[in-house]
Amino acid sequence: MEKFFNIKCRASGLVPNVVVLVATIRALKMHGGGPNVTAGAPLAKEYTEENLQLVQDGCCNLQKQIQISQLFGVPVVVALNIFKTDTQAEIDLVCKIAKDSGAYDAVPCNHWSYGGKGALELADAVKGAANQDNDFQYLYDLELPIVEKIRTIAQKVYGASDIELSPKAQSKVEIYTQQGFNKLPICMAKTHLSLSHQSDKKGVPTGFILPISDVRASIGAGFIYPLVGTMSTMPGLPTRPCFYDIDLDADTEEVKGLF
């Protein structure tokens, strides 16, 4: 959202009417201090049994995401994707906290089981929010120096106390500024698993220094992208990608090799 608003909307002239913020009770429980989740391993009981305390503790992350959306002056609707193990008490708690925290509405969504019918309430909420007054604004002025734009994102969006540029990153900033690219918007390359640069820091981390290890430029695309901490910018593929083993059975018309 932050990248879309600051980059895409500037280039296209698009003005968003509403932010749909998707949440799950399981994710909120993790942000509330729930056990680590390992791919392929069974979920801990905390994620499949009612635990209102974990949900309430984890809603700090949802509240922060609502606040981030509101920085841009756009109404927020929380779409709570429901799992069959979620209890009504957990659902009601999340929706109440979301609305108390400034969301226009918070709606349980069951489209995974009911198709379009399961998202009708969400559609109504989005329609209502889109008709609200909209004071859309960008997070920063493009005239700001590159470092100040990065600092603004780090402090206002991620909650960092400040940023720290490596010598390499600082050198790149100076070069891009000399070349006249300092007025480009910023596309942060950072883990999606935490508001901070450390993927295991859940909830709402504060007071941390956001490390900028490198700063690169995509001139054709029209943005500068800082690398936050240790960040790979290319997907990691095995020596033999899985698509080699995927095929279509001409007789049964079934796809083979997906699992």
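Above this note sits the structure.
Residues numbered from 1 in each chain as written. Predicted model: local features only at pLDDT ≥ 70, side-chain atom pairs only at ≥ 80, totals over all residues. Heavy atoms only, no water.

Quick notes on the nonpolar core
Where a protein is soluble and globular, its nonpolar side chains tend to be buried together.
For step 1, the next point in the chain: Membership of the largest hydrophobic core comes to 52 residues, with the highest contact counts inside it found for Leu62, Val78, Met188, Leu210 and Ile212.
For step 2, the next point in the chain: The dominant element in this core, judged by the number of residues it contributes, is helix α7 (residues 146-158), at seven residues.
For step 3, the next point in the chain: Excluding anything up to four places from it in sequence, Leu62 contacts Leu21, Ala23, Leu28, Val78, Val94 and Ala98.
For step 4, the next point in the chain: Grouped together as the second largest cluster of nonpolar side chains are eight residues, Val18, Val77, Ala79 and Ala125 included. (Core = buried A, V, L, I, M, F, W, Y, C linked by side-chain atoms within 4.5 Å. Buried < 20%, exposed > 50% of the residue type's maximum accessible area, 1.4 Å probe, protein only. Helix = DSSP H or I, 4+ residues; strand = E, 2+ residues; numbered from the N terminus. Contact = heavy atoms within 4.5 Å.)

Overview of the packing of aromatic side chains
For step 1, the next point in the chain: Applying the stated criterion across every chain, the model contains six aromatic pairs.
For step 2, the next point in the chain: Taken together, a centroid distance of 6.3 Å and an interplanar angle of 70° make the contact between Phe223 and Tyr225 edge-to-face.
For step 3, the next point in the chain: Clustering of aromatic rings is evident, with ring pairs tying together Phe4, Phe5, Phe72, Phe136 and Tyr138.
For step 4, the next point in the chain: For Arg10, the ring lying beneath its charged end belongs to Tyr138, and the centroid distance is 4.2 Å.
For step 5, the next point in the chain: Above the ring of Tyr158, the side-chain terminus of Lys190 is found at 4.7 Å from the ring centroid. (Phe/Tyr/Trp six-rings, centres within 6.5 Å; stacked < 30°, edge-to-face > 60°. Lys NZ or Arg CZ within 6 Å of the ring centre and 35° of its normal.)

Quick notes on the side chain of Thr191
For step 1, the next point in the chain: The topology assignment puts Thr191 in the loop between α8 (167-178) and β5 (209-218).
For step 2, the next point in the chain: Residue Thr191 is classed as buried on the basis of its relative accessible area, which comes to 15%.
For step 3, the next point in the chain: Here the side chain of Thr191 touches Leu193 through a polar contact of 3.1 Å, landing on its backbone nitrogen.
For step 4, the next point in the chain: Sequence-distant contacts of Thr191, defined by excluding residues within four places in its chain, comprise Ser196, His197, Gln198, Ser199 and Met231. (Polar contact = N/O pair within 3.5 Å; in protein donor to acceptor, adjacent residues only side chain to side chain.)

Points about the sheet that holds strand β1 (residues 19-24)
For step 1, the next point in the chain: The sheet built from three strands is open, its strands ordered β1-β2-β3 with parallel pairing. Taken across any chain shown, the strands that pair with only one partner, and hence form the sheet edges, are β1 and β3 (105-109). The average undirected angle you get between the axes of adjacent strands in this sheet is 25°.
For step 2, the next point in the chain: When strand β2 (residues 76-81) meets β3, the two strands line up parallel, connected through five bridges. Paired with Leu80 across the bridge in β3 is Pro108.
For step 3, the next point in the chain: Strands β1, β2 and β3 of the sheet are contacted by helix α6 (residues 120-130), whose axis makes an angle of about 160° with β3. (Pairing = 2+ DSSP bridges. Axes fitted to C-alpha atoms, helices over the stretch in contact; angles between N-to-C directions.)

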